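# Summary of structural features
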Amino acid sequence: MSSAFDDGVLDQLAELHSSILPDSLISLLGARFVRQFYRYVAGTRTEHLGLELQGDHVIGGYLLTEAPNTLFWRLLFTTDLVLRAPLALVSPPLLRAIVEKVQSRGTRQDNTLPELLLIYVAESHRKKGIGMRLLNDCTARVRSIGYFGYYVRTYDDPNDATHRFYNRATFVRTGTIVHGGRPMAILEKQILDSTELG
């Protein structure tokens, strides 16, 4: 369960997130906010963190949420996100991301499935099966909390390595949205029974 993570592990997840995903909305809000974000999601009942360790070092992680349509708003009222809004005035990508989030009111209001928000592996550990292990762990977690599927958003480019990764893991395209001015594919994974956890 995610609440078992100590601050050192959460700080490592935050640092890895910032280094791998520097253009994400969370990273654009600064290192302090990234740490706040991970402490917040580790303490909720609707978000689930998974990680891969090598010794004492975090080399990969994922974040699954059962409540993707409310996470932004919960962060707004439980962290200093509202205080960081002025940063958007000097950062056009941050401003665009915040405006899109406010206007979207969630990504899949018609879908009650959890969303895999983040999955990442340190560059030095890629192409070693770690991403697939994390994804398999996420799939098992989804099943254990009572769902029969989940979805992810990724760039709508079948040639993109991330898109191919999800295709290999039997995700199926169910729609598209525009995010950050780019088309994003919505890919869904159905978990039919206990034998199909990967």
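Below is a short write-up of the structure. Please read these numbers as outputs of a predicted model, since none were measured by experiment.

What follows concerns the overall build of the protein. Looking only at helices and strands, the protein has eight helices and six strands in total. What you see in the protein, going N to C, is helices and strands ordered as α-α-α-β-β-α-α-α-β-α-β-α-β-β. Of all 198 residues assigned to the protein, the portion counted as buried reaches 45%. Considering only residue pairs separated by 6 or more positions, the protein has 66% of its internal contacts joining residues 24 or more positions apart. When the accessible area of the protein is evaluated, it comes to approximately 10300 Å², of which 55% is carbon and sulfur surface.

Positive phi, close to 65°, is recorded for Lys127, a residue that is not glycine. Within the element layout of this structure, Lys127 appears in the loop between β3 (115–121) and α7 (130–144). Of note, Thr170 is a non-glycine position whose phi angle comes to about 65°, a positive value. Residue position: Thr170 is located in the loop between α8 (161–168) and β5 (172–179). Relative accessible area serves as the criterion here: at 44%, Thr170 is assigned to the partly exposed category.

Locating Gly8 in the fold gives a position in helix α1 (residues 7–20). When the C-alpha atoms of Gly8 and Asp56 are compared, they prove to be 9.7 Å apart, with 48 residues separating the residues in sequence.

Here the focus is the nonpolar core. Formed by 22 residues in total, the largest nonpolar core has its most connected members in Leu13, Phe37, Tyr38, Val41 and Leu49. When residues in this core are grouped by element, the largest group, seven residues, is from helix α3 (residues 31–42). For Leu13, the residues in contact, after removing those within four places along its chain, are Tyr38, Leu49, Leu51, Val58, Gly60, Gly61 and Tyr120. Membership of the second largest hydrophobic core comes to 21 residues, among which are Ile119, Tyr150, Phe171 and Leu187.

All chains considered together, the criterion is met by six salt bridges. Between Arg74 and Glu47 there is a salt bridge, with its nearest N and O atoms 2.7 Å apart. You can see Arg74 sitting in helix α4 (residues 71–78) and its partner Glu47 sitting in strand β1 (residues 47–54), a full 27 residues away along the chain. What makes Glu47 buried here is its relative accessible area of 0%. Several salt bridges share partner residues, and in doing so they unite Asp7, Asp11 and Arg39 into one network.

Packing of α3 against α4 brings their axes to within 11 Å, and their N-to-C directions diverge by 110°. The angle between α3 and α4 places the two elements in the roughly perpendicular class. Note on packing geometry: the crossing formed by α3 with α4 is right-handed. Along its contact with α3, which presents Phe37, Tyr40 and Val41, the element α4 presents Leu71, Arg74, Leu75 and Thr78. Across the contact of α3 with α4, the residue classes tally to five nonpolar, one polar and one charged.

Reading guide: rules and limits
What you see as residue numbers is a count from 1 along each chain, following the sequence as written. Residues qualify for local features only when their pLDDT is at least 70, as the model is predicted, and side-chain atom pairs are given and counted only at 80 or more; totals for whole chains, interfaces and linings, by contrast, use all residues. Heavy atoms throughout the structure, all of them, feed into the side-chain values; hydrogens and water do not. Helix numbering and strand numbering both begin at the N terminus, where a helix is a DSSP run of H or I of at least 4 residues and a strand a DSSP run of E of at least 2. Classification of residues uses two cut-offs on accessible area relative to the type maximum, computed with a 1.4 Å probe and protein chains only: under 20% is buried, over 50% is exposed, and between them is partly exposed. Residues count as neighbours in contact if any of their non-hydrogen atoms are within 4.5 Å of one another. Accessible surface area values rest on a Shrake-Rupley calculation with a 1.4 Å probe, where residue burial reflects the displayed protein chains alone. Nonpolar core, defined: a set of buried Ala, Val, Leu, Ile, Met, Phe, Trp, Tyr and Cys residues in which side-chain atoms within 4.5 Å join the residues together. We count a salt bridge whenever a side-chain nitrogen from Lys or Arg sits within 4 Å of a carboxyl oxygen from Asp or Glu. Here an angle of 0 to 180 degrees is reported between the N-to-C directions of two axes, which are lines fitted to C-alpha atoms, with helices fitted over the stretch in contact. The scheme is simple: roughly parallel for angles under 35 degrees, roughly antiparallel for over 145, roughly perpendicular for 65 to 115, oblique for anything else. In this scheme the handedness of a crossing depends on how the near helix is turned from the far one: anticlockwise by less than a right angle means left-handed, clockwise means right-handed. As a working rule, the residues Ala, Val, Leu, Ile, Met, Phe, Trp, Tyr, Cys and Pro are called nonpolar, Asp, Glu, Lys and Arg charged, and the rest polar, with Gly in that last group.

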